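Spelled out, the chains give:
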Amino acid sequence: MASGNSSLWEALLLLPGQTCPSWRHSMEGSVYQLANIFFTLGYMGGSGLVGLLYIHLFLASGFLCTSVWAWTDACAADIFSWNFALLAVSAVQLSHIAYQLRSVSFQHDLQNLYGALFQPLGIPLNIYKKIATCCTVLSLEKDHCYAMEGKTPIERLSLLLSGRIRVTVDGEFLHYIYPYQFLDSPEWDSLRPSEDGIFQVTLTAETSCRFAAWRRKKLYLLFAQHRRISRLFSVLIGKDIADKLYSLNDKVYLSNGLHYFKLLTSCLPAPLMLLGLLFFLANTTSAPSHYGFTNGMEPLSNQTESCDNWKEIHHLVFHVANLCFAIGLLIPTTIKIHMVLLRAMMSTGCALFIVWAVLYRCALDIMIWNSLFLILNMLHFLYLLYKRRPIKIDKELKVLYRRMFEPLHVPPDLFQRLTGQFCNIMTLKKGQTYAAEDKTSVDNRLSVLLKGKMKVSYRGHFLHNIYPTSFIDSPEFRSTQMHKGEKFQVTIVAEENCKFLCWSRERLTFFLETESFLHEVFKYLIGKDITNKLYSLNDPTLNDKTAKKLERQPSLCSQLTMMKMRNSMASTSDTEDGLSHFLHGGSTASSIQRSPYTRTSGKMKPIEETIEDDVFEPPSPVAQLAPN
């Protein structure tokens, strides 16, 4: 067999008799050059499903052109075989990716819901598909009731897609529910998976409405299977509850001119064209000269006559290069590092093609094209490695990242930017004051407690404690987005030596405006934090251990009932007595009193998953204190 078929070891030794004496003087045909243009465009593609679709579309076009060139011009059976095989692989991947993109499309209402609520939080379409598959889109006519007070069982969680719903209790108006708000988040949040309950409010459609509804049991099973979805719903529901309670501000006033809930929360630290082009170029391609090179003059019909005798098999380096391409294209897209492996194999294949072109094919244009391909693939490969580099997070911030930001898939590099540019880690000794009532301005900062414990009081009344990984002043941050120049209405004192992360309010706001994803994350984290603080508000039955657990948990299993809190705030007319009644647990904060509207479910048994998820934590020790 000719020297081109030498063994791999001989090829690696590069024996002098095997290599090219000089470059060939002619270039490959126009179809080959067109193929390389397609390859160049393909290698410029990015990541993700759309990026992969783009890459495989142009690679398949390039392999189609090189297959035609190998059959009609180069007259090389191995070149044709490899490129036809790679064309088939790219076509299969192209079809699979196109199917994936098609399979995650939704009806109009759910598509709008994704764009409004889930896409800003960076939820991938495949994750959203699992959420949308479990829900049913229903309609509600004007003046029809979604739920009736004391009658309708709590069997689902619903989210309004269009229209407006009015919420009342004992005939008294509470607030409206608008599109992309949950209809029954307080009811959902007040029950554990094994409990049944009855609505304590009436929800009536003021216009024709459409809503997405999830059955309770089905949604809990989805939470058990997908931790990310459980965390997602936790922050969505938490923020939704906070929004509903804030919406009562315009209804209930205190005698001193402050809004009822505003005071409470202030008290909280808150290819046809392609084929046509191909055939056009093919019919203007010249006949091949010696060794398959063309002079660009004779038509394709003369080329086909020259391939009666196929060229002998090419060097082993050529086949190894094609094997690298095949392996790269066959890597499943489900592997997390798929794009890294693909770019690595493409780079290896291009490097081997350069060796083959320089030492055995003696083709300058093949060497130049593959050098360009190698540069493009290496740049993408290095960029992907850089994006996946390990990010060093400060030791004191690791717990904060794991508990608050990682569950919402905030990248470590984005978290590092958030905590490394315009914030400081500060300390507060035991007994020192973080904020003084009616004195300290709320406009300057936003803080998260990293270590220690703080006590919040209002006019000498103890309200609640603040524990690590909780915002210190989330209600103030939320409130002063609309009202500037306000003062703290609570006193916050360190009960232990504390360490907290403090952002400059102005610089943080500017940064969040430039990072839309992080802005959404902050919005939901602050809403969830406010809701958690409302649950723990001045509950004397919560010891430190229990309260810490409540702070870091989504409150889906909480004994504290947000339904009673909402209804109490709406029905209280005696301002100071009502506030005192609320703060001392008369109608809301007393978590040990069982609601007559809740009972253990006889149909829905507790879910016995061992997954580390807040929804399925064992009942709080508070439950053990409930009277028989």
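Residues numbered from 1 in each chain as written. Predicted model: local features only at pLDDT ≥ 70, side-chain atom pairs only at ≥ 80, totals over all residues. Heavy atoms only, no water.

Side note on the overall build of the protein chain
Here's step 1: Scanning the protein chain from N- to C-terminus turns up 23 helices and 16 strands.
Here's step 2: Among the 628 residues that make up the protein chain, the fraction classed as buried is 54%. (Helix = DSSP H or I, 4+ residues; strand = E, 2+ residues; numbered from the N terminus. Buried < 20%, exposed > 50% of the residue type's maximum accessible area, 1.4 Å probe, protein only.)

Description of the layout of surface pockets
Taking a probe equal in size to a water molecule and rolling it over the atoms shows the remaining empty space.
Here's step 1: Computed from the structure, the largest pocket encloses a volume of approximately 1,800 Å³.
Here's step 2: Contributing to the lining of the largest pocket are 43 residues, with Pro-124, Arg-228, Lys-336, Arg-388 and His-409 lying nearest its centre.
Here's step 3: Of all the secondary structure elements, the ones that give two or more residues to the lining of the largest pocket are α3 (48-74), α4 (77-103), α6 (125-133), α9 (227-246), α14 (338-361), α15 (364-387) and α17 (412-420). (1 Å grid on protein atoms, 1.4 Å probe; cavity = no way out; pocket = protein on both sides within 12 Å on 5 of 7 lines; lining within 4 Å. Points joined across faces, edges and corners; volume = space filled by probe spheres on them.)

Some points on the nonpolar core
Here's step 1: Core analysis: the largest hydrophobic core is formed by 90 residues, its most contacted members being Phe-118, Leu-203, Trp-214, Phe-233, Phe-405, Trp-503 and Phe-522.
Here's step 2: Counting 48 residues, the second largest nonpolar core, distinct from the first, contains Leu-59, Ala-70, Ile-97 and Tyr-360. (Core = buried A, V, L, I, M, F, W, Y, C linked by side-chain atoms within 4.5 Å.)

Re the packing of helix α19 (residues 505-514) against helix α20 (residues 516-535)
Here's step 1: Where α19 meets α20, the closest approach of the two axes is 5 Å, and the angle between their N-to-C directions is 120°. Considering the angle they form, α19 stands oblique to α20. Across from Leu-508, Phe-511, Leu-512 and Thr-514 in α19, the residues of α20 making contact are Ser-516, Leu-518, His-519 and Phe-522.
Here's step 2: Partitioning the contact of α19 with α20 into residue classes produces five nonpolar, three polar and no charged. (Axes fitted to C-alpha atoms, helices over the stretch in contact; angles between N-to-C directions. Parallel < 35°, antiparallel > 145°, perpendicular 65-115°, else oblique. Contact = heavy atoms within 4.5 Å. Nonpolar A, V, L, I, M, F, W, Y, C, P; charged D, E, K, R; others polar.)

Concerning the pairing of strand β15 (residues 498-504)
Here's step 1: In terms of burial, β15 is largely enclosed, as five of its seven residues are buried.
Here's step 2: Bridging between strand β11 (residues 445-451) and β15 involves six bridges; their strand directions are antiparallel. Opposite Val-448, over in β15, you have Leu-501 as the bridge partner. (Pairing = 2+ DSSP bridges.)

Considering the pattern of salt bridges
When the charged atoms of two side chains with opposite charge come close together, those side chains can pair.
Here's step 1: In total, this model carries 13 salt bridges according to the counting rule given.
Here's step 2: For Arg-166, the salt bridge identified is with Glu-206, shortest N-O distance 2.7 Å. In this pair, Arg-166 is assigned in strand β4 (residues 165-169) and Glu-206 in the loop between β7 (202-205) and β8 (209-215), connecting sequence segments 40 residues apart.
Here's step 3: The buried category is assigned to Glu-206, whose relative accessible area is 18%.
Here's step 4: For Asp-243, the salt bridge goes to Arg-478, with nearest N and O atoms at 2.8 Å. Across the pair, exposure class does not vary: Asp-243 and Arg-478 are buried alike. (Salt bridge = Lys/Arg side-chain N within 4 Å of Asp/Glu carboxyl O.)

Some points on a nonpolar patch on the surface
Here's step 1: A contiguous nonpolar surface patch, about 330 Å² in accessible area, is contributed by Ile-37, Leu-41, Met-44 and Tyr-54.
Here's step 2: Relative to the helices and strands, Met-44 resides in the loop between α2 (30-43) and α3.
Here's step 3: Judged by its relative accessible area of 46%, Met-44 falls in the partly exposed class. (Patch = residues over 30% accessible without salt bridge, like charges linked within 9 Å, V, L, I, M, F, W, Y side chains within 5 Å. Areas by Shrake-Rupley, 256 points an atom, 1.4 Å probe, with all protein chains shown as cover.)

A look at the sheet that holds strand β10 (residues 433-435)
Here's step 1: Across the sheet, which stays open at both edges, the four strands sit in the order β10-β14-β12-β13 with antiparallel pairing between neighbours. Either end of the sheet is taken by a strand with one partner, and the two such strands are β10 and β13 (461-466). If you compare each strand with its neighbour and ignore which way they point, the axes differ by 30° on average.
Here's step 2: Inspection of the sheet shows β10 paired to strand β14 (residues 491-494) by two bridges, in the antiparallel sense. If you follow Thr-433 over to β14, its bridge partner there is Val-493.

As for the sheet that holds strand β1 (residues 135-140)
Here's step 1: Within the open sheet, the three strands sit side by side as β1-β8-β3. Their pairing is antiparallel. Only two strands of the sheet have a single partner each, and these edge strands are β1 and β3 (156-162). Each neighbouring strand pair of the sheet contributes to a mean axis angle of 30°, computed without reference to strand direction.
Here's step 2: As paired strands, β3 and β8 are joined by six bridges and run antiparallel to one another.

Observations concerning α9
Here's step 1: Look at α9: 29 Å from first C-alpha to last across 20 residues, which is about the 28 Å you get at 1.5 Å a residue.
Here's step 2: Burial of α9 is extensive: 19 of the 20 residues sit out of reach of the surface. (Expected span 1.5 Å × (residues − 1).)

Describing the packing of aromatic side chains
Here's step 1: Applying the stated criterion across every chain, the model contains 34 aromatic pairs.
Here's step 2: Taking the centre distance of 4.8 Å and the plane angle of 20° together, the rings of Trp-188 and Tyr-220 count as stacked. With Trp-188 in helix α7 (residues 185-189) and Tyr-220 in helix α8 (residues 216-225), this pair connects stretches of sequence that are 32 residues apart.
Here's step 3: Judged by its relative accessible area of 1%, Trp-188 is buried. (Phe/Tyr/Trp six-rings, centres within 6.5 Å; stacked < 30°, edge-to-face > 60°.)

Here we look at unusual backbone geometry
Here's step 1: Its identity is not glycine, yet Asp-143 carries a phi of approximately 70°, on the positive side.
Here's step 2: Counting through the fold element by element, Asp-143 comes out in the loop between β1 and β2 (145-147).
Here's step 3: Residue Tyr-180 is not a glycine yet carries a positive backbone phi of 70°.
Here's step 4: Accessibility expressed as a relative area gives 28% for Tyr-180, which makes it partly exposed.

Focus on the confidence of the model for the protein chain
Here's step 1: Per-chain confidence: the protein chain averages 75 in pLDDT, with 70% of residues scoring 70 or above.
Here's step 2: Averaged pLDDT values for the elements of the protein chain fall to 35 in helix α11 (residues 272-282) and rise to 94 in β7.
Here's step 3: A low-confidence stretch, residues 1-17 stays under pLDDT 50, and its non-local contacts, those more than four residues away or across chains, total 22 contacts.
Here's step 4: Contacts for the low-pLDDT stretch residues 258-306, under 50 throughout, to residues beyond four places or in other chains number 143 contacts. (pLDDT = per-residue confidence, 0-100.)

Description of the environment of Asp-365
Here's step 1: Within the secondary structure, Asp-365 sits in helix α15.
Here's step 2: Judged by relative accessible area, Asp-365 falls into the buried class, the value being 3%.
Here's step 3: Apart from the residues lying within four places of it in its own chain, the contact partners of Asp-365 are Met-27, Glu-28, Tyr-32 and Gln-33.

What to know about a positive patch on the surface
Here's step 1: Together, Lys-392, Lys-395, Lys-398, Arg-402 and Arg-403 make up a positively charged patch on the protein surface.
Here's step 2: One can find Arg-403 in helix α16 (residues 398-405). (Lys, Arg positive; Asp, Glu negative; His and termini not counted. Charge placed at Lys NZ, Arg CZ, Asp CG, Glu CD.)

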